[in-house]
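Chain and residue survey
One-letter residues, chain by chain:
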Amino acid sequence: MVGSNTAGVRALHEVDLTIAPGERVALLGESGAGKSTLLDVVAGLTVPTSGSVEVLGAAIDELRGRALRRHRADIGVVRQQHGLPESLRVVHNVNAGRLGTWSTWRALTSLVRPRGRAEVDSALAAVGLAGLADRLTGDLSGGQQQRVAVARALIEQRRLLLADEPVSAVDPKLSDDVLRLLRAADGDPAVLVSLHDPGLARRHVDRIVGLRDGIVHFDLPVDEVSDRRIDDLYRITPSG
Ligand SMILES: Nc1ncnc2c1ncn2[C@@H]1O[C@H](COP(=O)(O)OP(=O)(O)OP(=O)(O)O)[C@@H](O)[C@H]1O
């Protein structure tokens, strides 16, 4: 598959990737390597210029209407620019993760009286944000907002979780906690997560895909990813 982003930049070249149900895969690579573009292609937010993408058994570009909404409800997405409306209370942003499974009426009434409040509270507690459901999202720190986006993805059982640097603004202890949550999410979803910390990837996934200049540089079980391979991926030359 070849992908160009919205600006027409050729960001991926002949990427061929299959992820098994329940498998946890990390994308590593330099800034600009194509990780976000790849995640956007799998999420159906960017259409590849050639090749095909099959997600959860469906060719995403062929889905329409209700089938597309149902398909999207099976996928939890945490984007780098998480797009949480800052003027909404946290509870509404977390509940937005359920819109694919709710009727329009249910979604509208929930804006007045939040539904499923207990589930929202427990999703927030799981990401270390207990007690913040009624705060305005814009009043939270960057790292807290990132965790609201994770709670939104985890509020429903998913078959696939896509997360683009979900812990870039989060301290090391919480980063481990968030990765643990993605890894152990209800329903044992497949996980595709881009990370900047190889150590986190090593601790939490089954397989690492190294992207370089839009190409798959390596695709290996985590045990086979040596320090040397990581250094090579990031073009780090040994000192001394
Ligand atoms: N909005 C944009 N306009 C122009 N070029 C872009 C844009 N977004 C990404 N690119 C380019 O597309 C390529 C892939 O970028 P992408 O964001 O997918 O990389 P990445 O690995 O996710 O990087 P990062 O770790 O910095 O998020 C790069 O060449 C990048 O410069």
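The structure this text deals with has already been given above.
Note that the structure is a prediction, hence the values are computed from the model and not measured.

**With respect to the overall build of the protein**
- Tallying secondary structure elements over the protein gives nine helices and ten strands in all.
- Across the 240 residues that make up the protein, the buried fraction comes to 37%.
- Pairs at least 24 apart in sequence give 68% of the contacts found in the protein among residues at least 6 apart.

**A word on the sheet that holds strand 3 (residues 24–28)**
- Strands sit in the order 6-7-8-3-9-10 across an open sheet of six strands; the sheet is mixed. Among the strands making up the open sheet, the edge pair consists of strand 6 (75–78) and strand 10 (215–221). Across the sheet, the mean angle separating the axes of adjacent strands is 15 degrees when strand polarity is ignored.
- Across four bridges, the pairing between strand 6 and strand 7 (residues 160–164) is parallel. Note on strand 7: the bridge partner recorded for G76 is L161.
- Where helix 6 (residues 142–154) meets the sheet, its contacts fall on strand 6 and strand 7, and the angle it forms with strand 6 comes to roughly 175 degrees.
- The strands touched by helix 7 (residues 172–183) within the sheet are strand 3, strand 7 and strand 8 (190–194), with strand 8 carrying the most contacts at an inclination of about 150 degrees.

**Examining the nonpolar core**
- Counting residues in each nonpolar core, the largest one holds 58 residues, and the members touching the most others are A26, V94, L124, V150, A151, L162 and L182.
- Among the elements that make up this core, the one with the highest residue count is helix 6 (six residues).
- Those residues in contact with L182 that lie beyond four places of it in its chain are L161, A163, V191 and V193.

**Some thoughts on helix 1 (residues 35–43)**
- Summarising burial for helix 1: nine of the nine residues are buried, a large majority.
- Along helix 1, the residues classified as buried are K35, S36, T37, L38, L39, D40, V41, V42 and A43.

**Digging into the environment of A123**
- Relative to the elements of secondary structure, A123 occurs in helix 5 (residues 117–126).
- A residue is classified by how many C-beta atoms lie within 10 Å of it, and A123, with 25 of them, is buried.
- Separated by 32 residues in sequence, A123 and I155 have C-alpha atoms that sit 6.2 Å apart.
- Aside from chain neighbours lying at most four places away, what touches A123 is V94, A151, L154 and I155.

**Details of helix 5**
- Inspection of helix 5 places V120, A123 and L124 among the buried residues, and these make up the whole buried set. For helix 5, the buried positions fall inside an angular range of 100 degrees around the axis, keeping them on one side.
- Where helix 5 terminates, the next one or two residues include G128, which has phi positive at roughly 80 degrees.

What counts, and where the lines are drawn
- Residues numbered from 1 in each chain as written.
- Predicted model: local features only at pLDDT ≥ 70, side-chain atom pairs only at ≥ 80, totals over all residues.
- Helix = DSSP H or I, 4+ residues; strand = E, 2+ residues; numbered from the N terminus.
- Buried ≥ 20, exposed ≤ 12 C-beta atoms within 10 Å, placed from the backbone.
- Contact = placed C-beta atoms within 7 Å.
- Pairing = 2+ DSSP bridges.
- Axes fitted to C-alpha atoms, helices over the stretch in contact; angles between N-to-C directions.
- Core = buried A, V, L, I, M, F, W, Y, C linked by C-beta atoms within 7 Å.
- Arc of directions from axis to C-beta.

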